[in-house]
Amino acid sequence: MENISALGQINQILHILFVFLPFLWALGTLPPPDAFLLWAMEQVLEFGLGGSSMSSRLWLLAMFIISVGTAVISYFIPSSLGVVLFMTGLGFLLSLNLSGIGLFFIHSVNRRRVETKSQALASSSERQFTWKECLFYFVMLALALSETSLLHHFAGFSQISKSNSQTMVGYILMILLMILWILREIQGVYIFGIFRNPFYPKDVQAATAFLEKHTRLTRIGVVRRILLTLVSPFAMMAFLSLDSSLQGLHSISVSIGFTRAFRMVWQNTESALLETAIVSGVHLLSPNADLWWNTSLNTGIRLLLVGIMRDRLTQFISKLQFAVTVLVTSWTEKKQRRKTTTALCILNVVFSPFVLVLIVFSTLLSSPLLPLFTLPVFLVGFPRPLQSWPGAVGNTACVCADTVYYHQLAPRLTAALQTAMAAGRLGILIPGSHYLGRFQDRLIWIMILECGYTYCCINIKGLELQETSCHTAEAQRVDEVFEDAFEKGCRKVCSLNAHFANVLTPCTVLPVKLYSDARNILSGIIDSHENLKDFQGDLVKVLVWILVRYCSKRPSMQGSVRKPEQGTGPLRLLPAWNASPRPRCPEDTESSHSETSDWSNDDIFDDEPSVAKGKMEKDQLNDWPGGNLPIPGSVESQRVSDHSTGTVPEDSLFRAVTFAYPATDKGKQEEVACTPLAEFSCAHSHLLSLPEEWRSHYVPNSRMKEMRSLFPEDWYQFVVRQLGCFRSEEKASDILEEIAKDRVLKDLYVQTVMTCYCSLFEIDTVAPSPGHLLRVYSGVLPWSVALNWLTEKPELYQLVLKAFRYTLKLMIDKASLGPIQDFKELINYLEEYESDWYIGLVSEEKWKEAILQEKPYLFSMGYDPHMGVYTGRVLTLQELLIQVGKLNAEAVRGQWANLSWELLYATNDDEERYSIQAHPLLLRNLTVQAADPPLGYPIYSSKPLHLQLY
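Reference entry: report on the structure contained in this document. Please read all numbers here as calculations on a predicted model, not as lab measurements.

Procedures and definitions
- Along each chain, numbering runs from 1 in the same order as the chain's sequence is written.
- Selection of residues for local features in this predicted model requires a pLDDT of at least 70, selection of side-chain atom pairs for listing and counting requires 80 or more, and totals for whole chains, interfaces and linings are taken over all residues.
- Side-chain calculation: all heavy atoms of the structure are included, whereas hydrogens and water are not.
- Helix and strand assignments follow DSSP, with helices taken as H or I runs no shorter than four residues and strands as E runs no shorter than two, numbered in order from the N terminus.
- Burial classification: accessible surface area is computed with a 1.4 Å probe over protein chains only, and a residue below 20% of its type maximum counts as buried, one above 50% as exposed, and the rest as partly exposed.
- Using the Shrake-Rupley algorithm and a 1.4 Å probe, accessible areas are obtained, with residue cover drawn only from the displayed protein chains.
- What qualifies as a polar contact is a pair of N or O atoms within 3.5 Å, subject to a donor-acceptor requirement within protein and to the restriction that residues adjacent in sequence count only when both atoms come from side chains.
- Detection works on a 1 Å grid of protein atoms alone, calling trapped sets that fit a 1.4 Å probe cavities and calling open sets with protein on both sides within 12 Å along at least five of seven lines pockets, with lining residues defined by an atom within 4 Å of a point.
- Grid points are joined across faces, edges and corners, and a volume is the space filled by probe spheres set on the points.
- For this classification, the nonpolar set comprises Ala, Val, Leu, Ile, Met, Phe, Trp, Tyr, Cys and Pro, the charged set comprises Asp, Glu, Lys and Arg, and every other residue, Gly included, is treated as polar.
- The criterion is simple. A nonpolar core is a set of buried Ala, Val, Leu, Ile, Met, Phe, Trp, Tyr and Cys residues joined through side-chain atoms within 4.5 Å.
- Contact between two residues is taken to exist if any of their heavy atoms lie within 4.5 Å; hydrogens are not considered.
- By this rule the span expected of a helix is its residue count minus one, scaled by 1.5 Å.
- By definition here, a salt bridge exists when the distance from a side-chain nitrogen of Lys or Arg to a carboxyl oxygen of Asp or Glu is within 4 Å.
- Only Phe, Tyr and Trp rings are paired, with Trp represented by its six-membered ring, and only when their centres lie within 6.5 Å; those with planes under 30 degrees apart are stacked, over 60 edge-to-face, the remainder tilted.
- For a lysine, the NZ atom is tested; for an arginine, the CZ atom; a charge sits over a ring if that atom is within 6 Å of the ring centre and within 35 degrees of the ring normal.
- The term disulfide is used for any two cysteine sulfur atoms that are within 2.5 Å.
- Here, strands pair whenever DSSP counts at least two bridges between them.

Turning to the overall build of the protein chain, a few remarks are in order. Within the protein chain, the regular secondary structure consists of 33 helices and 15 strands. When the 950 residues of the protein chain are sorted by exposure, 52% land in the buried category. Looking at the protein chain as shown, the accessible area adds up to about 45000 Å², and 61% of this sits on carbon and sulfur atoms.

Next up on the list: the side chain of Asp 813. One can find Asp 813 in helix α29 (residues 794-817). Of note is the side chain of Asp 813, whose polar atom sits 2.6 Å from the side chain of Lys 809.

What follows concerns the layout of surface pockets. Of the volumes computed, that of the second largest pocket is approximately 1600 Å³. Lining the second largest pocket we find 49 residues, and of these Thr 314, Ser 318, Ile 428, Ile 430 and Lys 886 sit closest to its centre. Mapped onto the lining of the second largest pocket, the elements with two or more residues apiece are α2 (33-48), α8 (165-185), α12 (269-285), α14 (299-332), β8 (504-521), β13 (869-887) and α32 (889-904). No other element matches the eight residues that α14 contributes to the lining of the second largest pocket. Across the lining of the second largest pocket, the residue classes tally to 22 nonpolar, 16 polar and eleven charged.

With that settled, consider the nonpolar core. Trp 715, Tyr 749, Met 754, Phe 804 and Met 861 are the most contacted members of the largest nonpolar core, which totals 79 residues. Setting aside residues up to four positions removed in sequence, Tyr 749 forms contacts with Leu 547, Val 548, Cys 551, Leu 688, Leu 690, Phe 711, Tyr 716 and Met 754. Leu 180, Leu 242, Trp 293 and Ile 301 belong to the second-largest nonpolar core, a separate cluster that totals 45 residues.

Its 34 residues place the ends of α14 49 Å apart at the C-alpha level, agreeing with the 50 Å of an ideal helix rising 1.5 Å per residue. Where α14 begins, the capping side chain belongs to Asn 298, and its oxygen is found 3.0 Å from the backbone nitrogen of Gly 300.

Looking now at the pattern of salt bridges. Under the defined criterion, the tally for this structure stands at 26 salt bridges. Asp 34 is paired through a salt bridge with Arg 57; the nearest N and O atoms lie 3.7 Å apart. Residue Asp 34 is found in helix α2, and its partner Arg 57 is found in helix α3 (residues 57-76); the two are separated by 23 residues along the sequence. Assessed through its relative accessible area of 37%, Asp 34 is described here as partly exposed. A cluster of three or more residues bridged by salt bridges with shared partners is formed by Arg 184, Glu 185, Arg 224 and Glu 270.

Before going further, it helps to spend a moment on the packing of aromatic side chains. This model, assessed by the stated rule, comprises 31 aromatic pairs. Here the aromatic residues Phe 92, Phe 136, Tyr 137, Phe 234, Trp 266 and Tyr 453 are joined through ring pairs into a cluster of three or more. The cationic tip of Arg 337 hangs over the ring face of Trp 331; the distance from NZ or CZ to the ring centre is 4.9 Å. One residue, Lys 809, lies across the ring of Phe 859, its end atom 5.7 Å from the ring centre.

Counted under the stated rule, the structure contains zero disulfides. Here Cys 456 is not cross-linked by a disulfide; its sulfur's nearest cysteine counterpart is in Cys 451, at 3.8 Å.

With that settled, consider empty space enclosed by the protein. Empty space among the atoms becomes visible once a probe the size of a water molecule is rolled across them. Scanning the model with the defined rule gives nine cavities of 30 Å³ or more in all. Around the largest cavity, the lining is made up of 20 residues, and of these Arg 225, Leu 228, Thr 269, Glu 270 and Gly 452 lie nearest the centre. Those elements that provide at least two residues to the lining of the largest cavity are α10 (215-241), α11 (252-267), α12 and β6 (442-452). Here the lining of the largest cavity takes four residues from α10, the largest share from any one element. Residues that form the lining of the largest cavity fall into these classes: nine nonpolar, eight polar and three charged.

Here β6 lies mainly inside the structure; eleven of its eleven residues are buried. As paired elements, strand β5 (residues 434-439) and β6 share six bridges and run antiparallel to each other. Bridge assignment links Arg 438 to a residue of β6, and that residue is Leu 443. Turn length for the β5-β6 hairpin, with the two strands adjacent in sequence and antiparallel, is two residues, and the turn residue Gln 440 shows positive phi of about 50 degrees. As paired elements, β6 and strand β7 (residues 455-462) share eight bridges and run antiparallel to each other. Looking at β7, one finds that Met 447 is bridged to Asn 459. The hairpin turn running from β6 into β7, its antiparallel successor, is two residues long, and Thr 454 in that turn takes a positive phi close to 60 degrees.

What follows concerns unusual backbone geometry. In the segment running from Pro 933 into Pro 934, the intervening peptide bond is cis, with an omega of 10 degrees. You can see Pro 934 is positioned in the loop between α33 (924-929) and β14 (940-941). Here the phi dihedral of Phe 192 falls at roughly 60 degrees; this positive angle occurs in a residue that is not glycine. Tracing the backbone shows Phe 192 in the loop between β1 (190-191) and β2 (195-196). Even without a glycine there, the phi angle at Ser 366 is positive, about 55 degrees. By the secondary structure assignment, Ser 366 is in the loop between α16 (352-365) and β3 (369-371).

Put into structure tokens, the structure is as follows:
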């Protein structure tokens, strides 16, 4: 009858509950099955088995199964010593970074088998283990097993009293807790988040000065880490090993309680130390030893209950602070005040007990407190895991052009966070905690995914850099909070946190090597007539330097100097300014053999008359050796096959010369005679010779003659003499001197350089305009007679574009730093551009590659249509300070729960909806951005990053 009555009561309760299920579903309180299962496993793993929330579903499931198996196996072990050793060993091993250790061993096994795979694993940010670390873990495990076995075997067991050995260990734990708390609090800028730390450095403007003054705190952090990593675990292991409850074997409560206790010692040492000190202190301070707490519960279950109460109390305080902030700011902030605000505030005050019940219920379920539309209307969100989103961490992000800055920043920031977390500057590391970093226009969102013994797993997100009104309003408040903490607060001996009600509490600053972004206006520089006039002369010099440097480093030209082989004639070239091949279309190729009119061979685009040109060409023929131009085929032809000897393929080299000669029948091997042209005077000049496809030009002869005077011969000779490609030779200076005086080689450079110069400017243009400079800088070349010739040569085109950009940067530097004194200084400028700078456009792919390669400097030029000015942007890689603060985790979870509820249940996808507008105290807009896509839109999200905390 009693069973039937109980079933009847359950039946009645379920009937009432089922009536409210649709209502709870409509309010979003009922969790989806996958979220409920993950939440349940996470709660059991963390509070019942002493584990931690994991960074992925797979690891959560695997760790849950292993942890449950550990508790079950410990129940069936007959010996108390075996139980202690088993719990100690498994508790230590399961608290380690097993995923990182697994990748390390995979890398070690596959190192010899698959080289590419091992390189990929080595480059992964997750593989940070070494054999020394594995040896350290092995030694710690051996010491832990030795300690627990010896104490458990030889020490006597008794109830906790004021005289036994376990009580003495409890006193030691209390002292350790106080010392660690003090050492942790003085690491941050605020104590309790309210009072400014007088020991924190006052000068936090420069990274160098901050690091010098932060030395003492760094040493304190090392002491704290030693106490936390080496001393505290062994002290708690001694406390647990001496407990008399371990004598009661085959008890479920003992198996569960001590499995969790031995695991928590390593998994979350600070929390375990607090729980152990509380249990020991409560027992010692209790006046009656026969209380239910002392008699009915073993030490393991006491620790479990204290751990649950500690976590729920922390959540309740955070949720209450979040609810009060939402309620108060809805009235005090003018932009948050609405017509219904007064009524909502009155209702919250009148029904405050009911609101407290909602907060308590949300705390018990460990579910987010949901402010409906971010208004003071509170609901209980459905229980969900700490990650809040079903997808894998770091798989999705709204990638854009600014994502690359966070890609470069993430590894450097990870190293800085590793040091700060090990020292305790970010407070107690708890999974589900959120931090916000700020530097210039960058906002970095950091979330702790899991924690264990000497490691922590985090996720780094980067928020958008575009300045929207909501983004700017909250970013300014973040700047104010950090400025009051790290700058204004330094001026006072003792100051308070003026932004205590804000969800952001400043913690510390991190020195990180990253890019600072400086933007300036180029008015007065780029539009100066003198600068533009000098620009043309500097462009020719930079072109010479780039082409000579390129030819000296060509792969086919590398190696030691070789003498020409016997039987091979010297390379002969036509003087550059005498030849003027014309562009021809396919129709002209067919008609060139049949049309014999006198004007058919004249260049209608040439500035000179035909008679004058014919006379000039006749005079030029007299300069050939022997006085006459030999008939093709009447001299010995030489087949060329080796570039290193200074020769080039004859079919390409003499194509322009044999243009009007009879064609070779199709299907027959082409026999082209080698026309003896003017030869190099130096046997080594071929090592600096330009590629044969660059030697023709499309500039009229008259124009080439005029422009020849612009070619800086003294600069050309100076550049050649400064080359380092012959440094291995004994007479390198003599070789370079001979090459510099080679007239034919110089004429080659005159022809190519001046043709490239003409392709960048219109022929009739005297001085370029600022708009023209910007267009060419962006790769939009104006029409010219040599434009097609240049664009058909991609490699040369890129070199010319690089020269133009270098010259523009040189013009800006000369205007800012002063004129250049000599050629040596100009060489230094150009070499610095080549090695330390990337000069280009932000939209280019090479710009991103330069950032990832961490080029020291980057420069870009643009135009601001709103202000009507030309702008310059310089990125400088240097060690700077990132300000970091801790966010109210429950405020973040509550706003994310509202975001999910609003988009999934209320289907309010309006881009201008109220719940994503700026809220300076709650940082509502930034919090929404940090949510995983498609609900949020961070532009960067890293994979889970494992930090080793030593």
